[in-house]
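# Inside the fold
One-letter residues, chain by chain:
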Amino acid sequence: ASRPAIIVAHGLGVQAAHAATKTIPIVAAITGDPVKEGIAASFARPGGNVTGNALIPSVSSEKTVEIAHEIVPAAKRIGYLSNPDSVSFEANKNLFEAAAARRRLTPVVLAARTLQEIPQAIANGVAQRIDVLIVATQDIFAVEPQTITDLVARHRLPTVYSVDPFIAAGGLVVNGFNSVQLFGNAAVIVDRILRGRKPAELPFEQPTLIEMVVNMKTAKALGIKIPQTVLVRADRVIE
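The structure displayed is predicted, hence computed values, not measured ones. (Residues numbered from 1 in each chain as written. Predicted model: local features only at pLDDT ≥ 70, side-chain atom pairs only at ≥ 80, totals over all residues. Heavy atoms only, no water.)

### Here we look at the overall build of the chain
Counting secondary structure elements, the chain contains ten helices and ten strands. Radius of gyration (C-alpha) of the chain: 19 Å, near the 18 Å computed for a compact globule of 239 residues. Dimensions along the principal axes, computed over C-alpha positions, put the chain at roughly 55 × 35 × 35 Å. Sequence separation of at least 24 residues holds for 65% of the intrachain contacts in the chain that already meet a minimum separation of 6. Within the structure as shown, the chain displays about 11,400 Å² of accessible surface, and the carbon and sulfur contribution to it stands at 55%. Here the chain contributes 24 positively and 20 negatively charged side chains, and the mean placements of these two sets differ by 2 Å. (Helix = DSSP H or I, 4+ residues; strand = E, 2+ residues; numbered from the N terminus. Rg over C-alpha atoms; globule rule 2.2 N^0.38 Å. Contact = heavy atoms within 4.5 Å. Areas by Shrake-Rupley, 256 points an atom, 1.4 Å probe, with all protein chains shown as cover. Lys, Arg positive; Asp, Glu negative; His and termini not counted. Charge placed at Lys NZ, Arg CZ, Asp CG, Glu CD.)

Set out below in C-alpha cells:
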C-alpha cells in the first residue's frame, strides 16, 4: 500500500508478495521452483514482476542423503521431515526416496504442516525406528531451528539439515546453500532493477555453491564419530 520501489522476500514471503502485487518488482532472495510456484513463466524469462534466486532440490538432495548415510553407516532406515503442502513436496520426496533406494536405505517420510506438528512428526520417525533424519529446505522448519535441534537431541537422533540457520542452533551437519551469499546476490539483482532493468527479463539464478558444516560438539553429545571422509570435505568444522 505504501508503493515501495521494490520488494525483497524469501520463502513463503515470495508467494505472499506476488499475491499482493503484479506490478511492483519482487526479488526472491530464496525460493524454490518459480515455474511450479506460479510466479514465473520460465527460468530464463520470468515474464512477470518476480525474479531472484531459485533453489532446485536436485542440486543438494543426493549429496545430503549420502552424507547422512556416511555419518551413520549402519543406518537401515532414513527419515525425511517435510511439509506435504509445499508445492515442491512431491519432487523433493521422489528425489529423497530414489537417493535412499540407491543406498539400500528404507525411506520414511514424516509430514508436518505447522510448527505444532513437528514434535509428533519426529516422534513418529522415532517410533518407526529411523536411524538418521534429514530436514527439508522449507520455511516452516527454518523459522524456529532451535525447536527442531532440541527435539532431535532429546531423541538422540542424528540429523542433517539443508539451511544454515541450524548451524547456530547446534545442528549436527548442515549441507546446503549459503543464505548470506543468496541475499548478497539478491542485492545485486535489486541494484540492476533500480537502474532500469525489468524483472520479466532478468533470469532466475540457480546458485551452485553448497557448503557443508559439521558440529563436532553435537557429534560428541550424540556419541557419533564423524568419519574422516566427511570431515575433509567439510567447509567448516565447529569444535
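Anyway, onward from the coordinates.
### Side note on the sheet that holds strand E1 (residues 7-10)
The strand order across the open sheet formed by three strands is E1-E2-E3, and the pairing between neighbours is parallel. Where the open sheet ends on each side, the last strands, each with one partner, are E1 and strand E3 (50-54). The mean angle between the axes of side-by-side strands here comes to 20°, regardless of whether they run parallel or antiparallel. Relative to strand E2 (residues 26-31), E1 runs parallel, the two sharing four bridges. When the bridges of E2 are listed, Val8 appears paired with Val27. Each of E1, E2 and E3 touches helix H8 (residues 179-194); the most contacted strand, E2, lies at about 165° to it. (Pairing = 2+ DSSP bridges. Axes fitted to C-alpha atoms, helices over the stretch in contact; angles between N-to-C directions.)

### Observations regarding empty space enclosed by the protein
Within this structure, the stated rule accounts for one cavity of 30 Å³ or more. Approximately 40 Å³ is the volume found for the largest cavity. Taken together, Asp164, Ile167, Val174, Gly176, Phe177, Asn178, Glu211, Val213 and Arg236 form the lining of the largest cavity. Contributing elements (two or more residues each) for the lining of the largest cavity: strand E8 (173-177) and strand E9 (210-215). Looking at which element gives the most residues to the lining of the largest cavity, the answer is E8, with three residues. The class makeup of the residues in the lining of the largest cavity is four nonpolar, two polar and three charged. (1 Å grid on protein atoms, 1.4 Å probe; cavity = no way out; pocket = protein on both sides within 12 Å on 5 of 7 lines; lining within 4 Å. Points joined across faces, edges and corners; volume = space filled by probe spheres on them. Nonpolar A, V, L, I, M, F, W, Y, C, P; charged D, E, K, R; others polar.)

### Structural notes on the sheet that holds strand E6 (residues 132-135)
Pairing within the open sheet is mixed, and its seven strands lie in the order E5-E4-E6-E7-E8-E9-E10. Across the chains shown, the open sheet's two edge strands, defined by having one partner strand only, are strand E5 (106-111) and strand E10 (236-238). With direction set aside, neighbouring strand axes in the sheet form an average angle of 20°. Inspection of the sheet shows E6 paired to strand E7 (residues 159-163) by two bridges, in the parallel sense. Bridging from a neighbouring strand, Ile134 pairs with Val160 of E7. Of the strands in this sheet, strand E4 (77-82), E6, E7, E8 and E9 touch helix H2 (residues 61-71), which is tilted by about 170° from E8.

### Focus on the pattern of salt bridges
Taken as a whole and judged by the stated rule, the model has eleven salt bridges. Two residues, Arg103 and Glu62, come together in a salt bridge whose shortest N-O distance is 2.8 Å. Residue Arg103 is found in the loop between helix H3 (89-102) and E5, and its partner Glu62 is found in helix H2; the two are separated by 41 residues along the sequence. Linking Glu66 and Arg103 is a salt bridge whose minimum nitrogen-to-oxygen distance equals 3.6 Å. Of this pair, Glu66 sits in helix H2 while Arg103 sits in the loop between H3 and E5, and the two are 37 residues apart along the sequence. Look at Glu66 and you get partly exposed, because its relative accessible area is 22%. (Salt bridge = Lys/Arg side-chain N within 4 Å of Asp/Glu carboxyl O. Buried < 20%, exposed > 50% of the residue type's maximum accessible area, 1.4 Å probe, protein only.)

As far as function goes, none of this settles anything; it's purely spatial.
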